[in-house]
Amino acid sequence: MRNNRGLLGRRSFLIGLGAGVTGLAVAVGAHQLQARQKKATSKPEPTDTPVQVRDNFQVTGDAPLKERAAAKGLFFGAASGFGQLSKDEAFATEFARESAVLVAESDMKWKNLRPDPETFNFKRLDWLYDFTQRQKMLFRGHPLIWHKSMPEWFEETVTEKNAEAVLTEHIQRVAGYYAGKVHSWDVVNEAIMPSQGRQDGLRKTPWLKFLGADYIDLAFRVAAETDPKALLVYNENRLDYDTPEMEQRRTGLLKLLERLKSKGTPVQVLGVQGHLFPGELPFKPEVLRKFLAEVAAMGLKIMITEMDATDRNLPGDVVQRDNMVATAYEDYLSAALDEPAVMGVMTWGLSDRYTWIAGFRPRDDGEPVRPLPLDKDLNRKRAWQAIARAFDSAPSRIPPS
Ligand code: XIL
């Protein structure tokens, strides 16, 4: 795994690359965009191709996911938090064994970081950062600007008058505090929502209300000035399946990214969250491949940033369910990792012992959910094997020596 500097050095390379192809990309992009818009409104072909669920995910050896990823010039990591890693030693050991990157699941969110407008409480994040340094891991920042997990004082305090100062101060304080120490920042999270009807497809959030669409550009510019070494990521969800809703979201996101690139906004990476819905939504590899290729054609790199699998629609039988989740992971990553612009994969949690899905998308039968690579006893599941096998089969990003 290259050290932070190696990956951090990537940023200037990325900016050069991005600037070089922006003009061409915007022209090509506009053409593709018209084609997509036509498709997005036309009736989708019926997706009746049943998923061939596999039950064999044999992998060679027992090398951890971070090593299998690094062997191909990729990274593997996961989200976790102070409450998990500082208190559960067995979990922390497995986390460090499997992951080369840590992203704070919620400790960096405004409501956990800023108890009042004046206070930034970095204690928990400092513990997480120190954990990454002890374990020779990279640290991702998530999120700087989002509309969720906001503290109560935000609504009472922030107005059209002070919103720009509040946004700027937050990024300068947080990205400034960790400047030079972070692999990448999710600068803006989940800013599109085409179904709300805006022409630009943006989600109606307080940031948009107070600052207009340019709040996104502003956030990236402040982040670039504050932490010039880190990769700057725009992070988004619900982009992965062959449904009219997600096609509309992919089209809206491409429009946003083209607008940002044409303005010279310093965004280098698209974060595709990758929350999977096996047995619920139709996955078509060619749809994902096409979308990722269109993003790459803009000169952007790509990270899968929050991969997990909701199993609420799957059978109760654990073996069957684990096979279906593993099949979904392998099918998804086989498509995603074929795109050379994809740099790495983060799962949103590492073990079923700690998953937001338990509370957010529970099963009707009340059975514990099983979305992640390790089970609640920290044993590697078929999901782990599927991700391992996807890395083992992925094309290498390491140039031939
Ligand atoms: C989720 C956390 O996992 C939950 O524990 C919390 O209650 C809500 O936020 N997209 C994101 C993440 O970008 O920050 C969200 O994390 C999951 C969806």
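The structure we're discussing is the one just above.
Residues numbered from 1 in each chain as written. Predicted model: local features only at pLDDT ≥ 70, side-chain atom pairs only at ≥ 80, totals over all residues. Heavy atoms only, no water.

S.K.: Outline the side chain of Asn237, supporting the account with residue identities and numerical values.
M.R.: Relative to the elements of secondary structure, Asn237 occurs in the loop between β5 (231-236) and α11 (244-263). When its relative accessible area of 13% is taken as the criterion, Asn237 is described as buried. Not counting residues within four places of it along the chain, the set of residues in contact with Asn237 comprises Glu190, Arg249 and Gln273. (Helix = DSSP H or I, 4+ residues; strand = E, 2+ residues; numbered from the N terminus. Buried < 20%, exposed > 50% of the residue type's maximum accessible area, 1.4 Å probe, protein only. Contact = heavy atoms within 4.5 Å.)

S.K.: Pulling in residues and values, what's your account of the pattern of salt bridges?
M.R.: Here the structure, examined in full by the defined rule, presents 26 salt bridges. Note that Glu94 and Arg97 form a salt bridge whose closest N and O atoms lie 2.9 Å from each other. Of this pair, Glu94 and Arg97 both sit in helix α4 (residues 89-98), three residues apart, roughly one helical turn. Overall, the relative accessible area of 17% leaves Glu94 in the buried class. The exposure class assigned to Arg97 is partly exposed, which follows from its relative accessible area of 39%. For Arg289, the salt bridge identified is with Asp338, shortest N-O distance 2.8 Å. Of this pair, Arg289 sits in helix α12 (residues 285-296) while Asp338 sits in the loop between α13 (318-336) and β9 (342-347), and the two are 49 residues apart along the sequence. On the basis of relative accessible area, Asp338 is assigned to the partly exposed category, the value being 36%. The network of salt bridges with shared partners includes Arg54, Glu330, Asp331 and Arg389. (Salt bridge = Lys/Arg side-chain N within 4 Å of Asp/Glu carboxyl O.)

S.K.: Could you give an account of the environment of Ala92, naming the residues involved and the relevant values?
M.R.: Inspection of the secondary structure assignment puts Ala92 in helix α4. With 12 residues separating them along the chain, Ala92 and Ser80 place their C-alpha atoms 9.4 Å apart. Setting aside its immediate chain neighbours within four residues, Ala92 contacts Leu85 and Phe131.

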